[in-house]
Amino acid sequence: MSKKNILVLCTGNSCRSQLAEGYLRYFAGDKANVYSAGIETHGVNPKAIQVMTEDHIDISKHTSNHVDEYLAIPFDQVITVCDNANEACPFFPGKVERFHENFPDPAKATGTPEEVMAEFRRVRDMIKIYAANFVAEHVN
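Residues numbered from 1 in each chain as written. Predicted model: local features only at pLDDT ≥ 70, side-chain atom pairs only at ≥ 80, totals over all residues. Heavy atoms only, no water.

Identification of the protein as Arsenate reductase ArsC from Mucilaginibacter glaciei is taken from an unreviewed UniProt entry.

Below, the structure written as structure tokens:
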């Protein structure tokens, strides 16, 4: 059985899609090739790297990629993790299953440094649950 190709798409490919890529890779193991991209590229947010490291997942080598870089890959599933990306998602040819979940953007969190990190952790935990459920239901 061949591996599934999964793309996680967000606006800037800096936080939410990076968190989702990390968790989907972790939960899917060798059952899927997981990519993430943005309709823009903003670089990987250091706070996203930090909160994933706290959960023992290293995304420090991830890069922020533009969705156009992946148009030639035959994706089985495309997951948009913000409304903006869902609305701007390009057409992918073939039999592509589309999924959408609008997660809050932790990069927009305000307050003390502790409050901002608490928001990153809250969103990370939401995405972790989503990724675990997604793999259990859609990656076999």
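A. Main features of the overall build of the protein. Looking only at helices and strands, one finds four helices and four strands in the protein. For the protein, the N- to C-terminal ordering of α and β elements is β-α-β-α-β-α-β-α. For the protein, the C-alpha atoms occupy an extent of roughly 45 × 30 × 25 Å along the three principal directions. Across the protein, the fraction of contacts at a sequence separation of at least 24, relative to all contacts at a separation of at least 6, is 71%. Summing over all exposed atoms, the protein offers an accessible surface of approximately 7,100 Å²; the carbon and sulfur share of this is 51%. For the protein, the centre of its 14 positive side-chain charges and the centre of its 19 negative side-chain charges are spaced 4 Å apart. (Helix = DSSP H or I, 4+ residues; strand = E, 2+ residues; numbered from the N terminus. Contact = heavy atoms within 4.5 Å. Areas by Shrake-Rupley, 256 points an atom, 1.4 Å probe, with all protein chains shown as cover. Lys, Arg positive; Asp, Glu negative; His and termini not counted. Charge placed at Lys NZ, Arg CZ, Asp CG, Glu CD.)

B. Molecular detail of the UniProt feature "domain: Phosphotyrosine protein phosphatase I" (unreviewed entry) in the protein. Residues given the UniProt feature "domain: Phosphotyrosine protein phosphatase I" (unreviewed entry) here are residues 4-137. Within the segment residues 4-137, helix and strand shares are 40% and 16% respectively, and the terminal C-alpha atoms sit 13 Å apart. (UniProt positions renumbered as here; feature names shortened; annotations may be inferred.)

C. Representation of the pattern of salt bridges within the structure. Considering all chains together, one arrives at seven salt bridges under this definition. Taking the shortest distance from any N to any O, the salt bridge between Arg-25 and Glu-21 comes out at 2.8 Å. In this pair, Arg-25 and Glu-21 are both assigned in helix H1 (residues 16-28), four residues apart and thus about one turn of the helix distant. Close ionic contact of Lys-128 with Asp-55 constitutes a salt bridge, the shortest N to O distance being 3.0 Å. One end of the pair, Lys-128, is in helix H4 (residues 113-138); the other, Asp-55, is in the loop between helix H2 (46-54) and strand S3 (77-80), and 73 residues separate them in sequence. Owing to a relative accessible area of 28%, Lys-128 belongs among the partly exposed residues under this scheme. (Salt bridge = Lys/Arg side-chain N within 4 Å of Asp/Glu carboxyl O. Buried < 20%, exposed > 50% of the residue type's maximum accessible area, 1.4 Å probe, protein only.)

D. Main features of H1. Between the first and last C-alpha of H1 there are 18 Å, a value that for 13 residues agrees with the 18 Å anticipated at 1.5 Å per step. Listed in full, the buried residues belonging to H1 are Arg-16, Ser-17, Gln-18, Leu-19, Ala-20, Glu-21, Gly-22, Tyr-23, Leu-24 and Ala-28. Looking at the buried residues of H1, the elements they touch are strand S1 (4-10), strand S2 (32-38), H2, S3 and H4. (Expected span 1.5 Å × (residues − 1).)

E. How the structure looks around the sheet that holds S1. The strand order S2-S1-S3-S4 describes an open sheet built from four strands, whose pairing is parallel. Here the strands that pair on one side only, and so sit at the sheet edges, are S2 and strand S4 (97-100). Each adjacent strand pair in this sheet contributes to an overall mean axis angle of 20°, direction not counted. Sheet analysis places S3 next to S4, joined by four bridges and oriented parallel. Of the residues in S4, the one forming a bridge with Gln-77 is Glu-97. Most of the contacts of H1 go to S2, to which it runs at about 180°, and overall it touches S1, S2 and S3. Set on the sheet, H4 makes contact with S1, S3 and S4; between it and S3 the angle comes to about 155°. (Pairing = 2+ DSSP bridges. Axes fitted to C-alpha atoms, helices over the stretch in contact; angles between N-to-C directions.)

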